[in-house]
Amino acid sequence: MPERILVVGGGLAGTAAAIAARRQGAEVTIVEKSRFPRHKVCGEFLSPRVVEILDSLGMAAPFFTREPALMRRVILNFAGREKRFSLPSPAYGLSRFELDELMLSSARTFGATVLSERPADEFPRTILANGRTQSAPKGNRLFGFKAHFTGEANDAVELYFFGEGYVGVNPVEGGMTNVCGLAPESVMRAHGFDSDSLIASVPALRERLGSMRRQMDWLRVGPVIFANRFAETPPAGEYRAGDALSFVDPFTGSGMLGALLSGRAAGLAAARGQAADQYQSEMQRELGRSFGISRIIRWGLRKPWAPWAAQALSGRLLFAATRP
Ligand SMILES: Cc1cc2nc3c(=O)[nH]c(=O)nc-3n(C[C@H](O)[C@H](O)[C@H](O)COP(=O)(O)OP(=O)(O)OC[C@H]3O[C@@H](n4cnc5c(N)ncnc54)[C@H](O)[C@@H]3O)c2cc1C
C-alpha cells in the first residue's frame, strides 16, 4: 500500500516534499491556503546548489525555462566601505511569483492533489511545511520588505548593511532587480514604515537605486522570527521541513536551499516510512552547522568592527560556511 501523506503548505519545502514523495509512489495531498501565483517578501537569491536539488526532483529543466538571472559576484557594503568577491559557481535570481507557481503546478503534474483547506480525513503521515513562526511580542521586532525595480541590472548580489538592518539588491528574471530588506521595528517606525524613506536615508543605497524605478508597491512582512526546532522531538508521523523546521537569518540567501533540501528529505522519509525523529536528526546534521555559523555572523555584522572583519575574512569561505 502506498503511504498517504498530507503536506501542509505549498511553498518550496512543501512542494519539494510532495514531488519527492510522489516520485516514490506515495499518495500526496497538499493544502495551501494562498492563491498562486503571488509575490512574496524574499531576496529571491538562489544558492548555486539549488540546481542539484531541483535536478534530483526532475525540476532543473522547467526551472531554466523561467530564465532566472545569473549572479557571479557578491558586493558587501558597510556605510560605503565595500568587500567584493566572486562566487565559486553562479547563483540564480528568480522571483517567488514564478518559482513558487512553477513548483506548485509541477507538484500537481506529478500527481499531488492540491486543496485550499485541510481535508477532514486522517493522514498517517504529515509534512509540516507551513513556513516560519510569525508571532512575537511587540518591541524590537524585525520586519522585511521587498519590491521589484527596473533600471541597471548587473550580475552581482549586493548587500547594504546599516545599523541592525540591511537591504539586498540582486537581479531576477526579465531584467528586473529585486530589492529586499530587513530592519528592526524601531528603524521602520522612525521612517513611518515607508521603505522609500528608509532607503533614502542610507547614502550608498540611495545612490545605487537613484536611477531605478520601482515597479510595484512595497510588500512588507513581519515580525520575522529566527527559530529552530531541531532539538524538539516531533510527534510520530510529523515531518517538519523548511522554515517550519528552522528559519535562518535571510542575509545568507540560503533559506530556499534549506527549504528545498529538507522538503525533499521529508518527502522521501515520509514515503519510505522512516521515523520522523530520525529524519529530523539527519536534518540537524545536514543544516545545523551552517545555520549556527550564520547566527554567529549575523551577531558580528551588528558590531562596529564588522567592515574590518569582512575585509580580513575570505568571502568564498564565508559563503561556503553559511550554506548546507
Ligand atoms: C526578508 C526575507 C528575505 C529572504 N531572502 C531570501 C533569499 O534571498 N534567498 C533565500 O534562499 N531565502 C531567503 N529568505 C528565506 C526564504 O524566503 C525561506 O527560507 C523560504 O521561503 C522557506 O520556504 P518554506 O516552504 O519553508 O516556507 P514558505 O515559502 O513560507 O511557504 C509556506 C507556505 O505555507 C502556506 N501556509 C502557511 N500556513 C498554512 C496553513 N495553515 N495551511 C495551508 N497553507 C499554509 C503559506 O501560504 C506558504 O505558501 C528570505 C526570507 C525573508 C523573510
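See the structure shown above.
On a predicted model such as this, the values are computed, not experimentally measured, just so you know.

Definitions and limits used
Residues numbered from 1 in each chain as written. Predicted model: local features only at pLDDT ≥ 70, side-chain atom pairs only at ≥ 80, totals over all residues. Heavy atoms only, no water. Helix = DSSP H or I, 4+ residues; strand = E, 2+ residues; numbered from the N terminus. Rg over C-alpha atoms; globule rule 2.2 N^0.38 Å. Buried < 20%, exposed > 50% of the residue type's maximum accessible area, 1.4 Å probe, protein only. Contact = heavy atoms within 4.5 Å. Areas by Shrake-Rupley, 256 points an atom, 1.4 Å probe, with all protein chains shown as cover. Lys, Arg positive; Asp, Glu negative; His and termini not counted. Charge placed at Lys NZ, Arg CZ, Asp CG, Glu CD. Salt bridge = Lys/Arg side-chain N within 4 Å of Asp/Glu carboxyl O. Axes fitted to C-alpha atoms, helices over the stretch in contact; angles between N-to-C directions. Parallel < 35°, antiparallel > 145°, perpendicular 65-115°, else oblique. Left-handed = near helix turned anticlockwise from the far one by under 90°. Nonpolar A, V, L, I, M, F, W, Y, C, P; charged D, E, K, R; others polar. Polar contact = N/O pair within 3.5 Å; in protein donor to acceptor, adjacent residues only side chain to side chain.

A. Focus on the overall build of the protein chain. Looking only at helices and strands, the protein chain has 11 helices and 16 strands in total. A globule of 324 residues ought to have a C-alpha radius of gyration of about 20 Å, and the protein chain, at 19 Å, matches this closely. By the burial criterion, 55% of the 324 residues in the protein chain qualify as buried. The long-range fraction of contacts in the protein chain, counting pairs at least 24 apart against all pairs at least 6 apart in sequence, stands at 76%. Counting only carbon and sulfur atoms, one obtains 51% of the accessible surface of the protein chain, whose full area is about 14200 Å². Within the protein chain, the 31 negative side-chain charges are centred at a point lying 4 Å from the centre of the 40 positive side-chain charges.

B. Structural detail: the pattern of salt bridges. Evaluation of the coordinates by the stated rule reveals 19 salt bridges. Between Arg 229 and Glu 232 there is a salt bridge; the shortest N-O distance is 3.3 Å. Classification of Glu 232 by relative accessible area gives partly exposed; the value is 39%. A single salt-bridge network, built from bridges that share partners, covers Arg 229, Glu 232, Glu 238 and Arg 240.

C. Molecular detail of the packing of helix α1 (residues 12-23) against helix α4 (residues 96-109). Here α1 crosses α4 at 25°, and the two axes come no closer than 9 Å. Judged on the interaxial angle alone, α4 and α1 are roughly parallel. In this structure, α1 meets α4 at a crossing whose hand is left-handed. Two secondary-structure elements touch here, α1 through Leu 12, Thr 15, Ala 16, Ala 18 and Ile 19 and α4 through Arg 96, Leu 99, Asp 100, Met 103, Leu 104, Ser 106 and Ala 107. Looking at the contact of α1 with α4, its residues break down into 8 nonpolar, 2 polar and 2 charged.

D. Fine view of the side chain of Lys 83. In this fold, Lys 83 is placed in strand β5 (residues 81-93). Although Lys 83 is buried, it forms no salt bridge, and the closest oppositely charged side chain is Glu 82 at an N-O distance of 12 Å. Of note is the side chain of Lys 83, whose polar atom sits 2.9 Å from the backbone oxygen of Ala 310. Among the polar contacts listed, one links the side chain of Lys 83 to the backbone oxygen of Leu 313, at a separation of 2.8 Å. Not counting chain neighbours up to four residues away, the residues in contact with Lys 83 comprise Val 74, Ile 75, Leu 76, Ala 310, Gln 311, Leu 313 and Gly 315.

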